[in-house]
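Coordinates in review
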Amino acid sequence: MQIIERISDLQDALRGETSIGFVPTMGYLHEGHESLLERARAENDIVVLSIFVNPTQFGPNEDLDRYPRDAERDQAIARSAGVDYLFFPTTETMYPYDMARVSVRTGDDVLCGASRPGHFDGVLTVVSKLFNIVRPARAYFGLKDAQQLALIEGYVRDYFVPVEIVRCPIIREEDGLAKSSRNVYLTETERREAPLIQQALLHANGMFASGKGVLEVVEETRGRLARIAGTTIDYVEAVDYPSLKAVSEDTKTILLAVAVHFSGARLIDNLLYTRGA
Ligand code: PAF
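One structure accompanies this document, and this report is about it.

So, how was this worked out
- Residues numbered from 1 in each chain as written.
- Predicted model: local features only at pLDDT ≥ 70, side-chain atom pairs only at ≥ 80, totals over all residues.
- Heavy atoms only, no water.
- Helix = DSSP H or I, 4+ residues; strand = E, 2+ residues; numbered from the N terminus.
- Buried < 20%, exposed > 50% of the residue type's maximum accessible area, 1.4 Å probe, protein only.
- Contact = heavy atoms within 4.5 Å.
- Pairing = 2+ DSSP bridges.
- Axes fitted to C-alpha atoms, helices over the stretch in contact; angles between N-to-C directions.
- Near = heavy atom within 4 Å.
- Polar contact = N/O pair within 3.5 Å; in protein donor to acceptor, adjacent residues only side chain to side chain.
- Nonpolar A, V, L, I, M, F, W, Y, C, P; charged D, E, K, R; others polar.
- Expected span 1.5 Å × (residues − 1).
- Arc of directions from axis to C-beta.
- Core = buried A, V, L, I, M, F, W, Y, C linked by side-chain atoms within 4.5 Å.

1. Some details on the overall build of the protein chain
Across its full length, the protein chain holds 10 helices and nine strands. Referenced to the eigenvectors of the C-alpha coordinate spread, the extents of the protein chain come out at roughly 55 × 45 × 35 Å. The 277 residues of the protein chain split such that 52% are buried. Of all intrachain contacts in the protein chain linking residues separated by at least 6 positions in sequence, the fraction that spans at least 24 positions is 71%.

Listed below in structure tokens is the structure:
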């Protein structure tokens, strides 16, 4: 595995390659990222992993400075996952002028977009830069960030970007907590409580399956999350997926998404429910 910091070095290394699988990350890799790398390894000749904690997707009072980092461990994981090139740019490399940004037109007025203004403009900006640098055939994203995934798919369609976006399932701990780099912020007690998030979502799945309406399911889920000790709810919302618009009679797949604040972490999780499946 080669570790590359400069754009031109990466482009030289990738020249002529057509089967490139790309996994963009902010590092502090866990089994969720490993599952993306595994899929990329199986489906492409070359696997590129990027690790870049992107400042433009963090709000002024968010965790940019304390976002967990462990370059050595990440490199070891990348190596054993069969990564060919690890792209590890600096902020100066990624934002040399910062004159232009990609902005979301619809779909960021709900869920994380509503509670983190500007977040998805930052995500689309960096993803667009990374796609232009790597020019992958396929790029792999996890459904834990379902809104991010839908907005990236929308960006790729709107800008005619020649890349296939591959949706990958949420990877969970044994007790059901969705894997996240931010789980390290939880206290021991919070870590014990955190699986209740998935339990609330599983209950919601059962309610959808038994024909309950969206409002009832959202309210019941909110009630269950409110009982998790020491937390506050950021949002519990159901939207059509992947349009991220209000659920209607025509909606086939509902995204029920939640965000919960613990003392030092804001965790997200979700459920995709397909009607009549
Ligand atoms: O999902 C992430 O880790 C980030 O939002 C991404 C896609 C790497 C962009 O910085």
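Moving on, there is more to tell.
2. Some points on the sheet that holds strand 8 (residues 253-261)
Across the sheet, three strands lie side by side as 7-8-9; this open sheet has antiparallel pairing. Both edges of this open sheet fall to strand 7 (232-240) and strand 9 (266-274), since each of them pairs with a single strand only. Pairwise comparison of adjacent strand axes, ignoring direction, gives a mean angle of 15° for this sheet. Across eight bridges, the pairing between strand 7 and strand 8 is antiparallel. Bridge pairing links Y235 to A259 in strand 8. The sheet strands contacting helix 9 (residues 196-209) are strand 8 and strand 9, and the helix crosses strand 9 at an angle near 20°.

3. Describing the site of the ligand
Close to the ligand lie P24, T25, M26, N54, Q57, V126, F141, D145 and Q148, which account for all nearby residues. Contact between the ligand and Q57: an oxygen atom at 2.6 Å from a side-chain N or O atom of the residue. Note that an oxygen atom of the ligand is positioned 2.7 Å from one of the side-chain N or O atoms of Q148. Of the residues in the shell around the ligand, the class split is four nonpolar, four polar and one charged.

4. Description of helix 10 (residues 214-226)
Here helix 10 is 13 residues long and its end C-alpha atoms lie 18 Å apart, about the 18 Å a rise of 1.5 Å per residue gives. Listing the buried residues of helix 10 in full gives V214, V217, V218, T221 and L225. The buried residues of helix 10 occupy an angular sector of 100° when projected down its axis, which confines them to one face. Exposed side chains of helix 10 directed beyond 90 degrees from the buried face belong to L215 and A226. Packing partners of the buried residues in helix 10 comprise helix 9, strand 7 and strand 8.

5. So, the sheet that holds strand 3 (residues 46-51)
Backbone hydrogen bonds are what pair the strands of a sheet, in a parallel or an antiparallel way. One open sheet accounts for six strands, arranged 1-4-3-2-5-6; its pairing is parallel. The open sheet has two free edges, formed respectively by strand 1 (2-4) and strand 6 (164-168), since each of these has just one partner strand. Across the sheet, the mean angle separating the axes of adjacent strands is 25° when strand polarity is ignored. Of the pairings in the sheet, the one linking strand 2 (residues 20-25) to strand 3 comprises six bridges and is parallel in character. Among the inter-strand pairings, F22 is bridged to a residue of strand 3, identified as V48. Strands in contact with helix 7 (residues 146-158) are strand 5 (138-142) and strand 6; relative to strand 6, the strand with the most contacts, it is inclined by about 165°.

6. Section: the nonpolar core
Among the nonpolar cores identified, the biggest contains 47 residues, and F131, I152, I165 and L244 are the most heavily contacted of them. Here the element with the most residues in this core is helix 6 (residues 119-134); it accounts for nine residues. Other than its neighbours up to four places away in sequence, I152 contacts V123, L124, V127, F131, F141 and I165.

7. Observations regarding the environment of R157
Along the chain, R157 falls in helix 7. The exposure class of R157 is exposed, given its relative accessible area of 56%. With 90 residues separating them along the chain, R157 and Y67 place their C-alpha atoms 31 Å apart.

8. A word on helix 9
In this model helix 9 runs 20 Å from its N-terminal to its C-terminal C-alpha over 14 residues, within 8% of the 20 Å that 1.5 Å per residue would give. All buried positions along helix 9 are accounted for by I197, Q198, A200, L201, A204, M207 and F208. Those residues of helix 9 hidden inside the fold are in contact with helix 10, strand 8 and strand 9.

9. Quick look at unusual backbone geometry
Between Y241 and P242 the backbone carries a cis peptide bond, its omega angle lying at 10°. Along the chain, the position of P242 falls in the loop between strand 7 and strand 8. You will see that R135, though not glycine, has its phi angle at about 50°, which is positive. One can find R135 in the loop between helix 6 and strand 5. For R135, a relative accessible area of 62% puts it in the exposed group. Its identity as a non-glycine residue notwithstanding, F160 has a phi of 50°, on the positive side. Structurally, F160 is set in the loop between helix 7 and strand 6. The exposure class of F160 is exposed, given its relative accessible area of 71%.

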